[in-house]
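Report on the structure
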Amino acid sequence: MEPSISATLRDQTLSLLASGTVTSRADLIEALQVAPSTVTSVVRRLLEEGVILEEGVGRSTGGRRPRILRLRETNGILAVAELGGRHARVGLCAPDGGLRATEEVAIDIAAGPTEVFEVVAATVDRLHAATAPGQELLGVGVALPGPVEFPGGRLIGPARMPGWSGVDARARLTERFPVPVVVDNDAKAAAIGEYVTRRNEFGDMIYVKAGTGIGACLVSGGQIYRGGRGLSGDVTHVRVADSGERECSCGSRGCLETVASGAALARQLAEQGSSATTIRHIVAAVSDADPTVVTMVRHAGRLLGVALSGLVNFLNPDAVVIGGALSSLDVYVAATRGMLYERCLPSMTQSLTIEASVAGPDAALVGLGHLLRTTTDVRPS
């Protein structure tokens, strides 16, 4: 096998094992659609690395009973963090991806990587000391609200992160934590977490993270579609009708972010003199059935549906899942669903699932844990 192909199959194999999709060589042959000799080579390599174990026997389907493949259990912890504009969600998880502790801390993303990463590092140290004293830190994963080259970890023109463009986030974090580090876009990390949490419920899924900003990701066959440079999914800067030609943080006008994001809703409500000027206030106002807020949220959801309709017609996914803070608003999700039914071909929506995330606010943390387990060596030193 070519080295690049081998590396791709290695990652796919680990991801399939970690998610429980496969448990044997026969399962891998069917899932990866490759020759038995190729699977044998990949499995042998992983066994030699000590990353997986082959033990016991499974149920026979007519031939020899298959040997069971599983990821090797390790001691220690993984540190994971999702950064937003004003807050960071930091957590510790076991090597199998199960979250053990989480904490939300205030940050200002505009303060730059040095200050923000120091806040995150201090929070990791505090959680480590409080909940897992003496356990070895095996890896660190961070999700950022901007375009990230993967696996390089460099920020590429993040519109809502002044001072971060070109920053090698992975290198910065490795200086602070001498362990394997992964850095990814927040929507992609959350999409992985959603997929893992749902245990492969959908073959092809469009995941949308609707919070202060809007990001998206396609998961197909258990794998993230990343594009040529790893920058796919930037639906936030899709131009939409009825945008009012508002100027976007990217410098353009009429982008989805300017009308359907949490930041857009907060700005529009502030302009009308409403006190609901944060996402938390907006959620509370919708709960209280504030007519002005409910109307604006419904309109924002419909515009998200407009932006997604072309993708649904083109990709024909099994599901559209909405995550992020706005996914807790039924009126937002329902408006998106209604517009997709209105705009998409009936053949595309006949069996399409459109619903809110089940992984919730920890989706990105779960996804980062999964990435660390399947793309890096997180065994104890």
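Residues numbered from 1 in each chain as written. Predicted model: local features only at pLDDT ≥ 70, side-chain atom pairs only at ≥ 80, totals over all residues. Heavy atoms only, no water.

Put simply, the test is: UniProt positions are given in the numbering used here, feature names are shortened, and annotations may be inferred rather than shown by experiment.
Looking up the protein in an unreviewed UniProt entry gives the name Sugar kinase of the NBD/HSP70 family, may contain an N-terminal HTH domain, with the organism given as Micromonospora chersina. In its Sequence similarities (unreviewed entry) section, UniProt records this for the protein: "Belongs to the ROK (NagC/XylR) family."

**Re a nonpolar patch on the surface**
Operational definition: Surface patches are defined over residues having more than 30% relative accessible area and no salt bridge, joining like charges when they lie within 9 Å and nonpolar side chains (Val, Leu, Ile, Met, Phe, Trp, Tyr) when within 5 Å. Working definition of accessibility: Shrake-Rupley area with a 1.4 Å probe, residue cover restricted to the visible protein chains. Basic side-chain nitrogens of Lys or Arg form a salt bridge, by our definition, when they fall within 4 Å of a carboxyl oxygen of Asp or Glu. A helix here means a DSSP run of H or I that spans at least four residues, while a strand means a run of E at least two residues long, and both kinds are numbered starting from the N terminus.
On the surface, Leu311, Phe314 and Leu315 cluster together into a nonpolar patch covering about 290 Å² of accessible area. Tracing the backbone shows Leu315 in helix 10 (residues 291-315).

**Description of the pattern of salt bridges**
Keep this limit in mind: Only protein chains enter the accessibility calculation, which uses a 1.4 Å probe. A residue is then buried if its area is under 20% of the maximum for its type, exposed if over 50%, and partly exposed in between.
Taken as a whole and assessed by the stated rule, the structure comprises 20 salt bridges. Among the ionic pairs, Glu54 bridges to Arg25, the shortest N-O distance being 3.0 Å. Of this pair, Glu54 sits in strand 1 (residues 52-57) while Arg25 sits in helix 2 (residues 25-32), placing them 29 residues apart in sequence. For Arg25, a relative accessible area of 27% translates into the label partly exposed. Through salt bridges with shared partners, a single ionic network connects Arg89, Glu104, Arg280 and Asp362.

**A word on the sheet that holds strand 5 (residues 99-106)**
Applicable threshold: A strand pair is defined by DSSP finding two or more bridges across the two strands. Lines fitted to the C-alpha atoms define the axes, with helices restricted to the stretch that makes contact. Angles between their N-to-C directions range from 0 to 180 degrees. Contact definition: two residues touch when any of their heavy atoms are within 4.5 Å.
The five strands are arranged 5-4-3-6-7 in an open sheet whose pairing can be described as mixed. The strands lining the two open edges of the sheet, one partner per strand, are strand 5 and strand 7 (181-185). Going from strand to strand, the sheet's axes swing by 15° on average, the running direction of each strand aside. Along the sheet, helix 4 (residues 113-131) contacts strand 3 (77-83), strand 4 (87-93), strand 5 and strand 6 (137-144); its crossing angle with strand 5, the most-contacted strand, is approximately 140°.

**Considerations on the sheet that holds strand 11 (residues 319-323)**
Where strands meet in a sheet, backbone hydrogen bonds hold them as pairs that are either parallel or antiparallel. Across the sheet, which stays open at both edges, the five strands sit in the order 10-9-8-11-12 with mixed pairing between neighbours. Edge strands, defined here as strands with exactly one partner in the open sheet, are strand 10 (223-224) and strand 12 (353-356). Strand direction decides the pairing type here: strand 9 (residues 214-220) and strand 10, joined by two bridges, are antiparallel. Of the residues in strand 10, the one forming a bridge with Ser220 is Gln223. Sitting on the sheet, helix 6 (residues 186-197) touches strand 8 (204-210), strand 9, strand 10 and strand 11, and the angle it makes with strand 8 is about 130°. The strands touched by helix 10 are strand 8, strand 9 and strand 11; relative to strand 8, the strand with the most contacts, the crossing angle is about 165°.

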